[in-house]
Amino acid sequence: MTTSAAEESGAHPRFAEALSELGLDDLHPRIRRFPDGARTAVEAAEAIGCELSQICKSLIFAADGVPVLVLMDGASRVDLELVRRELGAEKVTRARAELVRETTGYAIGGVPPFGHRTRTRVLADRSLLDHDTVWAAAGTPHTVFPMDPKTLIAHAGGTLVDVREQTA
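Residues numbered from 1 in each chain as written. Predicted model: local features only at pLDDT ≥ 70, side-chain atom pairs only at ≥ 80, totals over all residues. Heavy atoms only, no water.

Visitor: Describe the packing of aromatic side chains, listing the residues and the values that go with them.
Guide: Enumeration according to the criterion identifies three aromatic pairs in this entry. Geometrically, the ring pair formed by F15 and F114 is tilted, given 5.5 Å between the ring centres and 35° between the ring planes. Taken together, the positions of F15 in helix α2 (residues 13-21) and F114 in the loop between α5 (97-104) and β5 (121-125) put the pair 99 residues apart, joining distant regions of the chain. What makes F15 buried here is its relative accessible area of 0%. Seen from their ring centres, F114 and F145 are 5.9 Å apart, and the 65° between their planes marks the pair as edge-to-face. Of this pair, F114 sits in the loop between α5 and β5 while F145 sits in strand β7 (residues 143-147), placing them 31 residues apart in sequence. Considered together, F114 and F145 belong to a single accessibility category, that of buried residues. Ring pairing ties together the aromatic residues F15, F114 and F145, which thus form one cluster. In this arrangement the basic side chain of R14 is found over the ring face of Y106, its NZ or CZ atom lying 5.9 Å from the centre. (Phe/Tyr/Trp six-rings, centres within 6.5 Å; stacked < 30°, edge-to-face > 60°. Helix = DSSP H or I, 4+ residues; strand = E, 2+ residues; numbered from the N terminus. Buried < 20%, exposed > 50% of the residue type's maximum accessible area, 1.4 Å probe, protein only. Lys NZ or Arg CZ within 6 Å of the ring centre and 35° of its normal.)

Nothing here speaks to function; it is geometry throughout.
Structure representation (structure tokens):
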């Protein structure tokens, strides 16, 4: 994968490198770039023209101060109590922007499910498996890529869990 191909796709250079390392160079032509951005799941779903639940959010939390990545469908919220129980942690909070960037190498709104600066524990909510294809950030708030959820979770090193907030 050449740098120009990564630049052409709009993927973040670190993410483009991760795709090459994982043998996923064929994914570059499928990366979609949205000049107006797709920082939120709603914006991404509208830009792509897919269901909100087909967006894979990559969210960083701090479990007793240790970063953990939670992959969640775009239509759902993470239940912090379920994450706390899953990890056996005392306290789970949403990570501050500095911790997200330090841990992943990406800014909030563009965090991909894999290709991070550091290795973190990954929890993937089962709701992602409800679709044949999900869309995730490609390292910037302007780029997304499609992948089948089982493959995405495998590349992320995720453990399947039920951490979705249940609506009444």
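Don't stop here, the text continues.
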